[in-house]
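# Survey of secondary and tertiary structure
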Amino acid sequence: MSTIEERYTLTQSQKMMVFILSMSLYGLSNMITELVPSAYLGPIEFSIEYFAFIPLTLCILFHPLYAAIGASLGEVIFGEIMLGQFGGFGELEKFIAFSLAMYIAGTFVRDPKNKVQVGIAAMLGVAIHQAISVTVDILKVWIGVEELEAVPGLAESVVIVEGFAFFNDLLFSGILFALIPTVYLVPRLYGKIEPLLGMKPRDRNDKYSLKEIIGLRLVILAVFLAISAFFFEYLSESDFNMEWEADFLEMFGEWYIWVSMAVAAMVAIITIVVMLRKKTNWNDKEKKVS
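The following paragraphs examine the structure supplied in this document. (Residues numbered from 1 in each chain as written. Predicted model: local features only at pLDDT ≥ 70, side-chain atom pairs only at ≥ 80, totals over all residues. Heavy atoms only, no water.)

### What about the packing of helix H2 (residues 53-61) against helix H3 (residues 64-79)?
Viewed as axis vectors pointing N to C, H2 and H3 meet at an angle of 160°, and their least axial separation amounts to 7 Å. As the angle between them shows, H2 and H3 are arranged roughly antiparallel. Note that H2 runs across H3; the crossing there is right-handed. Residues Pro55, Leu58 and Cys59 of H2 lie in contact with H3, whose contacting residues are Pro64, Ala67, Ala68 and Ala71. Among the residues forming the contact of H2 with H3, the class breakdown is 7 nonpolar, no polar and no charged. (Axes fitted to C-alpha atoms, helices over the stretch in contact; angles between N-to-C directions. Helix = DSSP H or I, 4+ residues; strand = E, 2+ residues; numbered from the N terminus. Parallel < 35°, antiparallel > 145°, perpendicular 65-115°, else oblique. Left-handed = near helix turned anticlockwise from the far one by under 90°. Contact = heavy atoms within 4.5 Å. Nonpolar A, V, L, I, M, F, W, Y, C, P; charged D, E, K, R; others polar.)

This is how it looks when you write it as structure tokens:
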């Protein structure tokens, strides 16, 4: 039986391609969600949180670490910095929470053809991300770095508000924009998209125990990163935070969001073209050798 370290056999250049592809595609999807209006019911917001199926699919099919970090960085670059907004330490909280959630979801799937595993991983990734975000928001209110009293004079009411938001995002965004498309795409793309990009599909016949995938080291790391996420969010609400805001949308108008979308799309297209060319060059070399 092969070890968990042998699960992925991508080269460093292939890992970088996965990183850039995840960054650009998820950054592009983030711009699309910005165009979809939100609906409010009192303090509760109903909106498309994210198209989580994009990083989930890439984390399951390719390298979970590089795909997860790439997606998180894509949100920061295309969804924040290119629009003239950067929340300082608060962005690190989002980065850590989302990267951790997508990484765990990607490592959970042992067989990409198994729809049950893929479905559980998709909901697990969304649940972990939302749980960290909700916990951080609740702790901020309870510790006193942020004020939110849905019921006047009752700070504990934040638990009800955040709890409702958690289940809303889990059931709405989780099912519609994570579970359904991920379960549909992953089994169909497995073994087909990797060779097109010059990569070898992971071996679905390799079996790993749950202890190998989610071991003590990962649990300890997850707890540490979750605590770090709260620490950085706490700093973002303090005088130590270093925010940057140019607000290009206000300066140039709503049309500017299409600039960020165009850049993200261009990066994704260039990355795919480079992957295809590398595959073609590799095939030509193989033919010459044979």
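### So, H2
Given 3.6 residues per helical turn, the α-helix brings residues three or four places apart onto the same face. Counting buried residues in H2 gives 8 out of 9 residues, a clear majority hidden from the surface. Those residues of H2 that sit buried are Ile54, Pro55, Leu56, Thr57, Leu58, Cys59, Ile60 and Leu61. (Buried < 20%, exposed > 50% of the residue type's maximum accessible area, 1.4 Å probe, protein only.)

### Considering the nonpolar core
Within the largest apolar cluster, 48 residues are counted, with the highest numbers of intra-cluster contacts made by Leu56, Phe62, Met102 and Met199. Broken down by secondary-structure element, the contributors of at least two residues to this core are helix H1 (12-35), H2, H3, helix H4 (89-108), helix H5 (115-143) and helix H6 (157-189). Examining the composition of this core, we find that 9 residues originate from one element, H5, more than from any other. If we skip the residues at most four places from it in the chain, Leu56 touches Met102, Ala105, Ala121, Ala122, Ala178 and Thr182. (Core = buried A, V, L, I, M, F, W, Y, C linked by side-chain atoms within 4.5 Å.)

### A few points about a positive patch on the surface
A cluster of basic residues, Lys113, Lys115, Arg188 and Lys192, forms a positive patch at the surface. Locating Lys115 in the fold gives a position in helix H5. Of the residues examined, Lys115 reaches a relative accessible area of 44% and is grouped as partly exposed. (Patch = residues over 30% accessible without salt bridge, like charges linked within 9 Å, V, L, I, M, F, W, Y side chains within 5 Å. Areas by Shrake-Rupley, 256 points an atom, 1.4 Å probe, with all protein chains shown as cover. Salt bridge = Lys/Arg side-chain N within 4 Å of Asp/Glu carboxyl O. Lys, Arg positive; Asp, Glu negative; His and termini not counted. Charge placed at Lys NZ, Arg CZ, Asp CG, Glu CD.)

### Some words on a nonpolar patch on the surface
A cluster of nonpolar side chains, namely Leu35, Met251, Phe252, Trp255 and Trp258, defines an oily patch on the protein surface of about 590 Å² accessible area. With respect to the helices and strands, the residue Phe252 is situated in helix H10 (residues 248-252).

### Some thoughts on the packing of aromatic side chains
What describes a pair of aromatic rings is the distance from one ring centre to the other and the angle between the planes of the rings. Taken as a whole, this structure holds 6 aromatic pairs when the rule is applied. Seen from their ring centres, Tyr26 and Phe98 are 5.1 Å apart, and the 15° between their planes marks the pair as stacked. Of the two residues, Tyr26 is situated in helix H1 and Phe98 in helix H4; the sequence distance between them amounts to 72 residues. Its relative accessible area of 0% is what places Tyr26 among the buried residues. With a centroid separation of 5.7 Å and an interplanar angle of 55°, the aromatic rings of Tyr50 and Phe98 are classed as tilted. In this pair, Tyr50 is assigned in the loop between strand S2 (44-46) and H2 and Phe98 in helix H4, connecting sequence segments 48 residues apart. Across this residue pair, the class does not change: Tyr50 and Phe98 are buried. An aromatic cluster is built from Phe51, Phe53, Phe172 and Phe177, whose rings are joined through pairwise contacts. (Phe/Tyr/Trp six-rings, centres within 6.5 Å; stacked < 30°, edge-to-face > 60°.)

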